[in-house]
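# Inside the fold
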Amino acid sequence: MKRSLLQVVGSIQCLILNTAFKMAASPELLTVPGTYEQSATIKTVEYGVGSLSKLPEILGSLDVKKPFILTGHSIRTKTPLIQNVLSILERDDLEVFSGIRQHAPIADIRNALAAFKESGSDGILAIGGGSPIDSGKLITSLLFESSPKKTPMVMVPTTLSVAETTPSAGVTNEQGQKVGTTKPDISGDAIIYDGAVLRYTPLKLALSSGMRAVDHAIETLYADNIPELPYKPLALSALQYLTEYLPKLKDDPENAEIAQILMNAGFLSLFPRYMMTGAVGLSHSLGHGLGAAYGIPHGITSCVTLAPVVHFKAEHDPLAAKQLLRILPFLGIVPNPKADDSKNAHAVGDAIAKLVDTLGLTTRLTEYNVPYTDAEKLALHGLGGDKNSPLLSYAIELVQSLY
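Let me sum up the structure you'll find in this document.

Conventions adopted
- Residues numbered from 1 in each chain as written.
- Predicted model: local features only at pLDDT ≥ 70, side-chain atom pairs only at ≥ 80, totals over all residues.
- Heavy atoms only, no water.
- Helix = DSSP H or I, 4+ residues; strand = E, 2+ residues; numbered from the N terminus.
- Buried < 20%, exposed > 50% of the residue type's maximum accessible area, 1.4 Å probe, protein only.
- Contact = heavy atoms within 4.5 Å.
- Core = buried A, V, L, I, M, F, W, Y, C linked by side-chain atoms within 4.5 Å.
- Arc of directions from axis to C-beta.
- Pairing = 2+ DSSP bridges.
- Axes fitted to C-alpha atoms, helices over the stretch in contact; angles between N-to-C directions.
- Parallel < 35°, antiparallel > 145°, perpendicular 65-115°, else oblique.
- Nonpolar A, V, L, I, M, F, W, Y, C, P; charged D, E, K, R; others polar.
- Left-handed = near helix turned anticlockwise from the far one by under 90°.
- Phe/Tyr/Trp six-rings, centres within 6.5 Å; stacked < 30°, edge-to-face > 60°.
- Lys NZ or Arg CZ within 6 Å of the ring centre and 35° of its normal.
- Polar contact = N/O pair within 3.5 Å; in protein donor to acceptor, adjacent residues only side chain to side chain.

## Quick look at the side chain of Gln 323
Topologically, Gln 323 is positioned in helix H12 (residues 318-325). For Gln 323, a relative accessible area of 11% puts it in the buried group. Those residues in contact with Gln 323 that sit more than four places away from it in its chain are Leu 29, Leu 221, Tyr 222 and Lys 232.

## Considerations on the nonpolar core
Core analysis: the biggest nonpolar cluster contains 121 residues, and Ile 69, Leu 125, Val 154, Met 211, Val 214, Ile 218 and Ile 352 have the highest contact counts within it. Discounting chain neighbours no more than four positions away, the residues touching Ile 69 are Ile 82, Val 85, Leu 86, Leu 94, Glu 95, Val 96, Phe 97, Leu 125 and Ile 127.

## Examining helix H4 (residues 81-89)
Taken as a whole, H4 has its buried residues at Leu 81, Ile 82, Val 85, Leu 86 and Leu 89. On an axial view of H4, the arc spanned by its buried residues comes to 140°, and they lie on one face. If you follow the buried residues of H4, they end up packed against helix H2 (55-61), strand S2 (67-70), helix H3 (73-78), strand S3 (96-97) and strand S4 (123-128). Remark: Glu 90 follows H4 within two positions and exhibits a positive phi of approximately 55°.

## Details of the pairing of strand S5 (residues 153-157)
Extensive coverage of S5 is indicated by the burial of 5 of its 5 residues. Here S5 shows two buried faces, one formed by Met 153, Met 155 and Pro 157 and the other by Val 154 and Val 156. With 5 bridges joining them, S4 and S5 adopt parallel strand pairing. Directly across from Ala 126, in S5, lies its bridge partner Met 155. Two strands pair when backbone bridges link them, and S5 and strand S8 (residues 190-193) are joined in this way by 2 bridges, in the parallel orientation. Bridge pairing in S8 links Met 155 to Ile 191.

## Brief notes about the packing of helix H7 (residues 203-222) against helix H13 (residues 341-358)
Relative orientation of the contacting elements H7 and H13 amounts to 170°, with a least axis distance of 12 Å. For the element pair H7 / H13, the angle class is roughly antiparallel. Seen from H7, the contacting residues are Met 211, Val 214 and Ile 218; seen from H13, they are Val 348, Ile 352, Leu 355 and Val 356. Broken down by class, the residue content of the contact of H7 with H13 amounts to 7 nonpolar, no polar and no charged.

## So, the sheet that holds S4
Spatially, the 6 strands line up as an open sheet ordered S1-S8-S5-S4-S2-S3, and their pairing is parallel. Looking at the sheet topology across the chains shown, the edges are occupied by strand S1 (44-47) and S3. Taken together, the 2 bridges between S2 and S3 define a ladder with parallel strand orientation. Within S3, the position partnered with Ile 69 by the bridge is Val 96. Where H4 meets the sheet, it contacts S2, S3 and S4, and its direction lies at approximately 140° from that of S4. On the sheet, helix H5 (residues 106-119) packs against S2, S3 and S4 and is oriented at approximately 155° with respect to S2.

## With respect to the packing of helix H10 (residues 282-294) against helix H14 (residues 375-382)
As a packed pair, H10 and H14 sit with axes 8 Å apart at the nearest point and diverge in direction by 130°. One element, H10, and the other, H14, form an angle in the oblique class. In this structure, H10 meets H14 at a crossing whose hand is right-handed. Mapping the contact onto sequence places Leu 282, Ser 285, Leu 286, His 288, Gly 289, Leu 290 and Tyr 294 in H10 and Lys 377, Leu 378, Ala 379, His 381 and Gly 382 in H14. Here the contact of H10 with H14 is built from residues that sort into 6 nonpolar, 5 polar and 1 charged.

## Some remarks on the packing of aromatic side chains
Here the structure, examined in full by the defined rule, presents 8 aromatic pairs. The rings of Tyr 36, Tyr 193, Tyr 231, Phe 267 and Phe 271 are connected pair by pair, giving a single aromatic cluster. Directly above the ring of Tyr 245 sits Lys 248, whose terminal nitrogen or CZ lies 4.3 Å from the centroid.

## Section: the environment of Ser 285
Along the chain, the position of Ser 285 falls in helix H10. On the basis of relative accessible area, Ser 285 is assigned to the buried category, the value being 10%. Here the alpha-carbon distance between Ser 285 and His 381, two residues 96 residues apart in the chain, equals 6.9 Å. Excluding anything up to four places from it in sequence, Ser 285 contacts Ala 279, His 381 and Gly 382. A distance of 3.0 Å separates the side chain of Ser 285 from the backbone oxygen of His 381, its partner in a polar contact.

## Re the side chain of Ser 168
By the secondary structure assignment, Ser 168 is in strand S6 (residues 168-172). By relative accessible area, which is 16% here, Ser 168 ends up buried. Setting aside residues up to four positions removed in sequence, Ser 168 forms contacts with Asp 134, Lys 137, Thr 181, Thr 182 and Ile 186.

## Things to note about the pairing of S6
Among the 5 residues in S6, 5 count as buried, and that is most of the element. The side-chain alternation of S6 yields two buried faces, one formed by Ser 168, Gly 170 and Thr 172 and the other by Ala 169 and Val 171. Note that S6 and strand S7 (residues 178-182) share 5 bridges and pair antiparallel. Residue pairing across strands places Gly 170 opposite Gly 180, the latter belonging to S7. In this structure, the hairpin formed by S6 and S7 is closed by a connection of 5 residues, where Gly 176 is found at a positive phi of approximately 80°.

Remember that the coordinates give geometry; whether it matters functionally is a separate question.
Laid out in structure tokens, this is it:
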């Protein structure tokens, strides 16, 4: 019996999609040995719209009777979130420190540490994006150096940048450089993901922090220091939801259910781990070099660097290109069966650039007054300072393309 053209085309599409999903599954990658070590300190992750109401219960489980609230100036003065938290806790006697600025300057952390010691608090409640959360993690680590007991910490993220899952904290030193501290015990103890709180975050910040989560997921896939299980399959799942729902959040920023999906996906993009050594990948490393030094939010640095870095990886790193192929079906992209790994991997970079443009976040370094003459310095930072790297000239070209 003859088959219709539609049936033939449908069969071909099914065959290609089946091939694509096999590429995504990559069973041979599941045979690569690795080690999974669970987060050293995170005990609870509470998620769901309205889950902030469980804050008293979570603090009680950690035996925290007087939490020290750590946040930023905008959250404290421009939103009702802190007052909502105080109402939930039925407390008006808690210290609220709102002096944490972008990129967590070390002076702010020292001031917060002194205020904590004077307050008589027995735990930290960090509310905000990466800066308050990283500040809280570093404060708990500093306190632990002189105490036999770790100070409990609960984190309430208000962005999608996912600082809360890592055993590390990034701060800006006196020289204006972003530096990181990594220790097994530097993580917080509990996370509350409540989609309802994202409405208090400016839309551009929410969307760009979502691109930071996309950056986490993609660079998790090709990072040599991150094992396959459970991180890379979780990163693929995160990418599917992040790329689908970020545009929906742009169209409907008050929708708490959409925000909740994105928060949960962000958690999957940088799933808690015992230790992390250095930046996740080249896009993150370039972002660290750009952020504090030039006053660029990390979400925006991901909007600038991620797509070009993916193209860079597709061209110069065959193992990374193979990992990037796994992403295609999760982005709804059918790979070209006649193209090699590199060409198919470039499609991921194109898709990321299109997503950034769709979100209205396309940005160039010139918009932040980053001198073109700093390209080599930034490229070296991205390559870990390796002046002998065979990729240095290509990395310089990569940075130059960001202007």
